[in-house]
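# Observations on the model geometry
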Amino acid sequence: MHPLGPSEVDAESLDVWVVSHGGVASNALCDHMQNHGLRTRPDNYGLICHKQHPGFSIGKPILVIHGDYLDAILSMDRRKFLTANAAKMCLGIDAPEIPLSRFMQSFPDDPVGFSMFLESFRKAKQDGLDKIAFLRYPYTNEEAIAAFESIGVEVDMTGFALRERKKKYLPRSKDVKSILETYQNFDFKE
């Protein structure tokens, strides 16, 4: 079991910080990058992969993957990560035992933390704290390369392809149905 956190980003163990709200194949991209010699997974990766920007420069380029919000929620729920990712985005801690209903009660307009998470990176980019690129899922390899180039990172995307999203979803709880309704019209503009 991971420590609760919150955990700081260890910039010395990273070449690029890849973050996402979850459910958008960020692990697949990190695996590809690691296989090509780029460090994306520090020891505390599980605590920082869905963490908000800290509000001060980490001194490394940052790629923020986002999009396909409703299917991302369903994907995280199917894989039993929805509550854990909400805790990371909203609170910066690894606390999957907190029930979704608590996030819905505490953050009624943003129970999973999509807006808080993405806004933290928009503000950091706007304030010039770090080189930050946003990459909207699903994306092409060319779009990924352009995003990486914009933050000064060279990534060989040869052999990488997003796989088809699994659409086999289990019956949803009333909390997940409510969360889907909350994000029905959500769209983040970089």
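Computed from a predicted structure; not experimentally measured. (Residues numbered from 1 in each chain as written. Predicted model: local features only at pLDDT ≥ 70, side-chain atom pairs only at ≥ 80, totals over all residues. Heavy atoms only, no water.)

This part covers helix H7 (residues 141–150). Listing the buried residues of H7 in full gives Asn141, Ala144, Ala147 and Phe148. The arc enclosing the buried residues of H7, seen along the axis, measures out at 120°, which places them on a common side. Seen from the open side of H7, the exposed residues pointing more than 90 degrees away from its buried face are Glu142, Glu149 and Ser150. Buried positions along H7 lie against helix H1 (26–35), strand E2 (62–66) and strand E3 (132–136). Of the residues trailing H7, Gly152 is marked for its positive phi of about 75°. (Buried < 20%, exposed > 50% of the residue type's maximum accessible area, 1.4 Å probe, protein only. Helix = DSSP H or I, 4+ residues; strand = E, 2+ residues; numbered from the N terminus. Arc of directions from axis to C-beta. Contact = heavy atoms within 4.5 Å.)

On inspection of all chains with the given rule, the structure shows 8 salt bridges. Across the pair Asp31 and Arg41 runs a salt bridge, and its minimum N-O distance is 2.5 Å. With Asp31 in helix H1 and Arg41 in the loop between H1 and helix H2 (45–48), this residue pair connects regions lying 10 residues apart in the sequence. Judged by relative accessible area, which is 37%, Asp31 ranks as partly exposed. A salt bridge links Asp187 to Arg136; the nearest nitrogen and oxygen atoms lie 2.9 Å apart. Of the two residues, Asp187 sits in the segment after helix H8 (174–182) while Arg136 sits in strand E3, which places them 51 residues apart along the sequence. According to the relative accessible area criterion, Asp187 is partly exposed, its value standing at 37%. The network of salt bridges with common partners includes Arg136, Asp187, Lys189 and Glu190. (Salt bridge = Lys/Arg side-chain N within 4 Å of Asp/Glu carboxyl O.)

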